[in-house]
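These are the residues of each chain, in order.
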2 protein chains.
Amino acid sequence: MSFSPLIVRLMETLRCLPGVGPKSAQRMAMHLLERDREGALALAETLQAAMEGVGRCKRCRTLTETELCAICSSHTRDQRLLCVVETPADVLAIEQAGSYRGYYFVLMGHLSPIDGIGPNDIGAPELLRLLDEIEAEEVILATNPTVEGEATAHYLADQVRRRGLKVSRIAHGVPLGGELEYVDGGTLAHAFAGRREVTA
Amino acid sequence: MSFSPLIVRLMETLRCLPGVGPKSAQRMAMHLLERDREGALALAETLQAAMEGVGRCKRCRTLTETELCAICSSHTRDQRLLCVVETPADVLAIEQAGSYRGYYFVLMGHLSPIDGIGPNDIGAPELLRLLDEIEAEEVILATNPTVEGEATAHYLADQVRRRGLKVSRIAHGVPLGGELEYVDGGTLAHAFAGRREVTA
């Protein structure tokens, strides 16, 4: 004997959310059914709208529902700087730190040969094409200070340096092995100020 | 600068889920948008189907999408026993313990005068009407061993005893102050076996 089929299906589909196990899924399903059906319907509608409406910025590849994201549409940023990050959450963290005024390029991941993720999957060709188009003078590599993030930075540094541009890596003021999006603004600002040029 | 409006709305609506704060909501939104759009659309569809399709069993008041739940539809249960619980999750916990073979009545809450929840809100009239209809000989009160659960049991014991029926309370083998749905099956079975009749 268990819950009715529709309730079981609801508990199973809730597990597509990260960090939600069987007991949390049951708790969520019961909460929504017993006490917040309006919230659940709003969530259903927003999920659908977001999955259908949110795509990628055609310039920096971040998640957005418009053709160009708010940062790429802005004309008040410093065109000489392009910062490369792994995820849209990293862009938000850097913006909240408040010290960087250039543009971004979002890889949406990192190189991971073991998972079959190569340069094309992280948009390396688009990054190089963008560098040919715009007036950037320096590319700041702000991938995560993890093994994969370092490897990705190393690969991109090589590619960008061949275009004759300056390449820098944010300073390791951010703790090694951590995730960029969880670092506090002060540490991030420090990391941007202490960036070093990548030389052969 | 923050995420685009649709992404912000998605993060806000995800917070209707219990235990989900701003950081978890952001992590969930990013995970769904970047890696599991199919899962998110399935969740949207299931949420809507469940909120529209799941109602109450017209006999025991538990959550179900059919007129009568699976237990109330069964003809193999012990008609002499009716067990009163607070939530559908409690029914599942007792069923998984495996020692009880009677029917259930689900209060969908407990008495809580401070929140304006009185006997009508927990279905007390329906419970008494059901007792007049069926051949139950004993009502087992299995509300949570909390202050509100005890008060609810006390109130219902009074009402049921006036109908001339035997009333019992599950034994306090279950830890006091805990939630019934998280108790292991052995303890629950023990609590059922050790139930005591409630005398004036």
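Every residue gets a number counted from 1 within its own chain, in the order that chain's sequence is written. Here the convention is simple: chains get letters from A, ligands get numbers from 1, in the order in which they are written. Residue-level local features of this predicted model are given only where pLDDT is at least 70; pairs of side-chain atoms are given and counted only at 80 or more, and the full residue set underlies all totals for whole chains, interfaces and linings. Side-chain metrics rest on all non-hydrogen atoms present in the structure, leaving aside hydrogens and water.

Colleague: Any chance you could explain the UniProt feature "zinc finger region: C4-type" (unreviewed entry) in chain A here in plain terms?
Modeller: The positions that UniProt labels "zinc finger region: C4-type" (unreviewed entry) are, in the present scheme, residues 57-72 of chain A. Along residues 57-72 of chain A the backbone is 19% helical and 12% strand, and the end-to-end C-alpha distance reaches 8 Å. UniProt positions are given in the numbering used here, feature names are shortened, and annotations may be inferred rather than shown by experiment. Note on conventions: DSSP H or I runs of at least 4 residues are helices, E runs of at least 2 residues are strands, and numbering of each starts at the N terminus.

Colleague: Teacher, can you tell me more about unusual backbone geometry here?
Modeller: Excluding glycine, a negative phi dihedral is what most residues carry, and trans is how most peptide bonds are arranged. Residues and elements named next belong to chain B. One non-glycine residue, Arg61, adopts positive backbone phi at about 75°. Among the secondary structure elements, Arg61 is positioned in the loop between strand E1 (55-56) and strand E2 (63-64). Arg61 gets classed as buried once you look at its relative accessible area, which sits at 11%. At Met108, a position not held by glycine, the phi torsion is positive, near 60°. Among the structural elements, Met108 can be located in the loop between strand E4 (102-106) and helix H6 (124-133). For every residue, the accessible area (1.4 Å probe, protein chains only) is compared with the maximum for its type, and the residue is labelled buried under 20%, exposed over 50%, or partly exposed between those bounds. The class of Met108 is buried, set by a relative accessible area of 17%.

Colleague: Looking at this structure, how should I read the layout of surface pockets?
Modeller: One simple way to see leftover space: roll a probe sized like a water molecule over the atoms. For each structure, a 1 Å grid was placed over the protein atoms alone; sets of points admitting a 1.4 Å probe that cannot get out are labelled cavities, open sets with protein on both sides within 12 Å along at least five of seven lines are labelled pockets, and lining residues have an atom within 4 Å of a point. Grid points are joined across faces, edges and corners, and a volume is the space filled by probe spheres set on the points. Volume-wise, the largest pocket comes out at about 580 Å³. Surrounding the largest pocket, 24 residues form its lining, Thr87, Gly109 and Glu179 of chain A together with Glu34 and Arg35 of chain B being those nearest its centre. By residue number, the principal contributor to the lining of the largest pocket is helix H2 (residues 22-35) of chain B, which donates six residues. Ten residues, namely Ala, Val, Leu, Ile, Met, Phe, Trp, Tyr, Cys and Pro, are considered nonpolar, four, namely Asp, Glu, Lys and Arg, are considered charged, and the remaining ones, Gly among them, are considered polar. Residues that form the lining of the largest pocket fall into these classes: eight nonpolar, seven polar and nine charged. The wall of the second largest pocket is formed by 21 residues, among which Glu34 and Arg35 of chain A together with Thr87, Glu179 and Glu181 of chain B lie closest to the centre. Looking at the lining of the second largest pocket, the elements with two or more residues in it are helix H2 (22-35) of chain A together with helix H5 (88-97) of chain B. Top contributing element to the lining of the second largest pocket by residue count: H2 of chain A, with six residues. Taken together, the residues that form the lining of the second largest pocket break down as six nonpolar, seven polar and eight charged.

Colleague: What's the story with the pattern of salt bridges in this structure? I'm lost.
Modeller: Side-chain pairs of opposite charge can arise where the charged atoms are in close proximity. Any carboxyl oxygen of Asp or Glu within 4 Å of a side-chain nitrogen of Lys or Arg constitutes a salt bridge here. Counted under the stated rule, the structure contains 18 salt bridges over all chains. A salt bridge links Glu67 of chain A to Lys58 of chain A; its shortest N-O distance comes to 3.4 Å. Lys58 of chain A sits in the exposed class, given a relative accessible area of 60%. In this structure, the salt-bridge partner of Arg77 of chain B is Glu95 of chain B, at a minimum N-O distance of 2.8 Å. In this pair, Arg77 of chain B is assigned in the loop between helix H4 (70-73) and strand E3 (78-85) and Glu95 of chain B in helix H5, connecting sequence segments 18 residues apart.

Colleague: Just to check I follow, could you spell out the relation of the copies chain A and chain B for this structure?
Modeller: Both copies of the chain are tied together by a single rotation about an axis and a shift running along it. Least-squares superposition of the copies uses the C-alpha atoms of those residues scoring a pLDDT of at least 70 in each of them. For the pair chain A and chain B, the relating rotation is 180°, the translation along its axis is 0.0 Å, and the fit reaches an RMSD of 0.1 Å. The superposition operator between the copies reduces to a two-fold rotation axis. Scanning chain A for the C-alpha nearest the rotation axis identifies Ala44 of chain A, at a separation of 2.0 Å. A symmetric contact is evident, with 100% of the interface residues of chain A recurring at the interface of chain B. We call two residues in contact whenever any of their non-hydrogen atoms come within 4.5 Å of each other.

Colleague: When you look at the packing of helix H3 (residues 37-53) of chain A against helix H1 (residues 5-14) of chain B in this model, what are you seeing that I'm missing?
Modeller: Relative placement of two packed helices is described by the angle separating their axes and the distance separating the axes. Fitted lines through C-alpha atoms give the axes, limited to the stretch in contact for helices. The angle between two N-to-C directions lies from 0 to 180 degrees. Following both chains from N to C, one finds H3 of chain A and H1 of chain B inclined at 150°, their axes separated by 9 Å at the closest point. In terms of orientation, H3 of chain A lies roughly antiparallel with respect to H1 of chain B. The hand of the H3 of chain A/H1 of chain B crossing is left-handed. Residues Ala42, Leu43, Thr46, Leu47, Ala49, Ala50, Met51 and Gly53 of chain A of H3 of chain A form the contact with H1 of chain B, whose participating residues are Leu6, Arg9, Leu10, Thr13 and Leu14 of chain B. Partitioning the contact of H3 of chain A with H1 of chain B into residue classes produces nine nonpolar, three polar and one charged. Angles are sorted into four bins: roughly parallel if under 35 degrees, roughly antiparallel if over 145, roughly perpendicular if 65 to 115, and oblique for all others. Less than a right angle of anticlockwise turn of the near helix away from the far helix marks a crossing as left-handed, whereas a clockwise turn marks it as right-handed.

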